[in-house]
Structure formats: C-alpha cells, structure tokens
Amino acid sequence: MKLSKYFLPTLKELPKDAEVMSHRLMLRAGMIRQASSGIYIWLPLGHAVLKKIEHIIREEQTNAGAIELLMPTIQSADIWKKSGRYDDYGAEMLRMKDRHNRDILYGPTNEEQITDISSHYFKSYKTLPKILFHIQWKFRDEVRPRFGVMRCKEFLMKDSYSFDVTEEDGKESYNKMFLSYLKTFQRMGLKAVPMQAESGPIGGNLSHEFIILANTGESKVYVDKRMLELNIPESIDYEKDSKGTVESWTKYYAVTEDMYDEKSFEKNVDEENRLVMRGIEVGHVFYFGDKYTKPFNANVQDKDGTISPIQSGSYGIGVSRLVAAVIEASHDEKGIIWPESVSPFDTALINLNPKNDELVNICDNLYNKMLSSQTVLYDDTSNSVGEKLTRMDLIGIPKQIILGNKSVENKTLEIKDRRSGETVIENIDKFLEHLNNDKPS
Ligand code: ATP
Ligand code: MG
C-alpha cells in the first residue's frame, strides 16, 4: 500500500480525554474514531489489526476442533424470556421493538441463540460432541464506557459454545478451549494468565478469566508468580495435549478481586511469590452443564437410549479489546510496537527523498518485489524526513526499510528493528536476494 493513496489520519497532538496509553496511541495512530459514546469507527489501520487478531483466533479455534457459523446481532426477546435472562440482564441490554411491536434486542452474548439451535439439531449422541463459534459484534450499554475500545458499547467478540452428552466429555471440551486460549494469546505475543473467576450473570459452576497483566487494567489480581513460568507445548495436538490442561494451569493461586481471600492467598503462596497487580480481561470461559439446555429442552439421547439435557459451556474472547491490550503490553515513548503476528503490515518501506528520481525508481522496484512475499506500507509521500520517521515509529510496524539519497550512490538500504531501534545497513542486491529466498513456495 502506498501511503500517498492510503487513508491514515494520524494525529500530531496528544488527544485530550484519553486516559490510558492504548487509547491515546490508537487515536494518534489513526486507528479508530469515536462515533458516539462507547461506539467506534475502525479506520483502515485499526481495521487491519482487528482482522489480524480475528484471524489468529479463528485459526486456533479451528485447530482445536471448533466449527464456525454466524448468528445474527439482533435477537428475539422470546429466547431470552425462556432462559429467564430477559429481565435479569438489566440496563446493559439494548432493547428495541420492531414495527409489529415485537420485543427484539441487540445481542450482548449468544447463549440463548445457540442453545435454541442445539435443541433443534443435537438430539442423538451421534451428533456430539460439537464446539460452535462465531465472531460477531455485541452491544452492551455500559454505564461508563472508557479507555477507548477496551470498555465500549459495541465490541467484537469471539464466542464459542460446547455441546456434549456427558459432564466428563463437557470438561474435555472445556480443556480444549482452555488450551486454545493459551495458544491464541501466546501467538499475539501476550502472556495471559488464567484465573479462577466468578461466573457472574452467565452462570454455571466452573469458570476462568484470561488476564493480561498490565497496570492500566481494570481488575485487581492476586497471582502466584510461578504461574508466569508455565508453558504450553510447542506444537499442539488438541486431542492429546488438552487433557489435564486446566488442572496443571490452576495448581498455583491466581484470582481476580471478586474471588480474592487474603487468608488463602497468604496460606498458599510464599511471600516471595506473591504478585498483586492489575490486569485486563481478554477472555472468559464457563462450564455450565445444563443451565441453558434444560429450559430450552435441548435434550440428547445417549447410547443406551437415556434422554438427558445436553452439557454445555461458553467461551468468549474480546477481539476488539485485544487490539488495545496488545498495545498496552507493547509500546514505548515513540508509539506502538506490533508483534509481527498482528502487525497491520509486515514491513514499512520509507523513501526519505521522493524528489530524487533515481531513488524513486529503486524504491518502486523494491516495493513491487517485496509485495510478492509480504504486505508493505510504502511511504512515498513528500513529507519531511522527521515526519516520515516519527509517523512510522508511531504506527509500530516491526520492520522498517529506509532509503535516502545515499542509497543511490552506495546501493544500500537501512533495515531498522522498531522494537530495539537497531539498524543494519545492507546491500540492495543482497536484500533482494534474501527476499527471493524467503519467498513462500
Ligand atoms: P467485563 O468483566 O470486562 O465487563 P464481562 O465479564 O462482562 O467483561 P464476558 O461476558 O465474559 O465479559 O465477555 C467475554 C469477553 O468480551 C471479555 O473477556 C472481554 O474481553 C470482552 N468484553 C466484554 N465486555 C466488553 C466491553 N464492554 N468492551 C470491550 N470488550 C468487552
Ligand atoms: Mg467476564
């Protein structure tokens, strides 16, 4: 993408009213724009990152055996009356009426919708187990939307739902999703710590939140430091490797404020291992057995002919919140530093002097060749050198290729690593050679 043709409304001034770094940087980098309170427009750069994050989540869900579908944003109030949550959900639910005066709502989550689906299709043990997921916008009329897309009203969520015949199988599905969450966040360069959680209005008896440790987080957390040293296998076979995941990842104390108990923290964690911090909730998993399937008469017949409610669980990831969480975890005083896996472009190419025709030829040629193996943001504008470098650092593409007048004489370019700031000078022909070798076959 040539920057001269792109739409990247970066801001020079510090946005007022933005309290946390990720919000400030998202506004300054031209990633989002507020449409109204708690509702955001995803500008092209923000949208590109959102899609990258979505892609990783989708891939890791699929690897874990989950199947994607897409449910509507607007739901009938009838299914929520069936589960008893229409009244319970309170003012966070955006309620509307259609032209026939029927109660409808903008979905804050999809347990009801998916359980209704399960009641129609999963009647025999032969159809189970199943884990279904979708990535869809949600609306919650938050009292106090804040921190940009971190806590807003309209947000993108990945939500999965598991359906099993027995509780034992249900727990296996829970383990699979648990492991896929650990892997998903790791792929984004994040260390997410699973913590025992209250199941809240969604209900059930087994629940964990996945929390990124960050001082700007909204939840206070109490963690045994040894938690941070746990690792998952390099390559994962979900059928085999997921067994026992929850057990091994919950052997150390890690809870959010709601579940905190001073006595058990002090009893279970030696003083040197006690970590009290803040964190950002990026995922939440629940196992709730027959809580929803019972009222929906979602019953399944097992091998012996016995009919009983399907065992289910639900698993959410805040896709749009993650964009902010990644920034909270990875930035410096110059701006964002994207981990490669979620960067809006793989590489930035900067021509420091577009008035030099020879240099333009060299850069255009490089750009065209790079495009066959990667996505590139090519600064071909006539902005000042300072502006170009500052803006590229702000938007955080991890690798920058910089060319100036000297590149013509010396036939060299500069490769800058955004994170370390280190630069390497390389011969242009050598660079092109590497490019050919690195090309995916
Ligand atoms: P929170 O405690 O932050 O209000 P929640 O527990 O109500 O969230 P869940 O129902 O567990 O949220 O939703 C699954 C995920 O969706 C959360 O882990 C979070 O990452 C994301 N999420 C929830 N509410 C919001 C919001 N208002 N804005 C952005 N993301 C959100
Ligand atoms: Mg939650």
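Structure first, text after, so check above.
The model shown is predicted, which means the values in this text are computed figures rather than measured ones.

What is the right way to look at the site of ligand 1 in this model?
Near ligand 1 lie 15 residues; those nearest to it are Arg140, Glu142, Arg151, Cys152 and Glu281. Arginine 151 is positioned such that a nitrogen or oxygen atom in its side chain is 2.7 Å from an oxygen atom of ligand 1. Contacts to ligand 1 include glutamate 281, whose side-chain N or O atom sits 2.6 Å from an oxygen atom. Protein contact buries 85% of the 580 Å² of open area that ligand 1 shows by itself. Elements that contribute at least two residues to the shell around ligand 1 include exactly strand 8 (154–164) and strand 13 (274–289). Per-element tally for the shell around ligand 1: the top contributor is strand 13, with four residues. Considering only residue class, the shell around ligand 1 consists of seven nonpolar, three polar and five charged.

Mind showing me how you'd approach the environment of serine 22 here?
Here serine 22 shows up in helix 1 (residues 21–28). For serine 22, a relative accessible area of 0% puts it in the buried group. Residues serine 22 and glycine 148 lie 126 residues apart in sequence; the distance between their C-alpha atoms is 8.0 Å. Once residues within four sequence positions are removed from consideration, serine 22 is found in contact with Met150, Ala324, Ile327 and Glu328. One polar contact links serine 22 to glutamate 328, side chain to side chain, over a distance of 2.7 Å.

Would you take a moment to explain the packing of aromatic side chains for this structure?
For any pair of aromatic rings, the description consists of the separation of the ring centres together with the inter-plane angle of the planes. Tallied over the entire structure, the rule returns 16 aromatic pairs. Note on tyrosine 6 and phenylalanine 345: the rings are 5.6 Å apart at their centroids and 80° apart in plane angle, and the pair reads as edge-to-face. Of this pair, tyrosine 6 sits in the segment before helix 1 while phenylalanine 345 sits in the loop between strand 18 (335–336) and strand 19 (347–351), and the two are 339 residues apart along the sequence. Using a relative accessible area of 16% as the deciding quantity, one classes tyrosine 6 as buried. Exposure remark for phenylalanine 345: the relative accessible area of 9% places this residue in the buried category. When the centroid spacing of 5.8 Å and the interplanar angle of 70° are considered together, the rings of tyrosine 260 and phenylalanine 265 count as edge-to-face. Residue phenylalanine 265 is classed as buried on the basis of its relative accessible area of 3%. Connected via pairs of aromatic rings, a cluster forms that spans Tyr174, Phe178, Tyr181, Phe185, Phe210 and Tyr315. Geometry around tyrosine 86 places arginine 95 over its ring, the cationic atom sitting 4.7 Å from the centre.

About the cut-offs
- Residues numbered from 1 in each chain as written.
- Chains lettered and ligands numbered in written order.
- Predicted model: local features only at pLDDT ≥ 70, side-chain atom pairs only at ≥ 80, totals over all residues.
- Heavy atoms only, no water.
- Near = heavy atom within 4 Å.
- Polar contact = N/O pair within 3.5 Å; in protein donor to acceptor, adjacent residues only side chain to side chain.
- Areas by Shrake-Rupley, 256 points an atom, 1.4 Å probe, with all protein chains shown as cover.
- Helix = DSSP H or I, 4+ residues; strand = E, 2+ residues; numbered from the N terminus.
- Nonpolar A, V, L, I, M, F, W, Y, C, P; charged D, E, K, R; others polar.
- Buried < 20%, exposed > 50% of the residue type's maximum accessible area, 1.4 Å probe, protein only.
- Contact = heavy atoms within 4.5 Å.
- Phe/Tyr/Trp six-rings, centres within 6.5 Å; stacked < 30°, edge-to-face > 60°.
- Lys NZ or Arg CZ within 6 Å of the ring centre and 35° of its normal.

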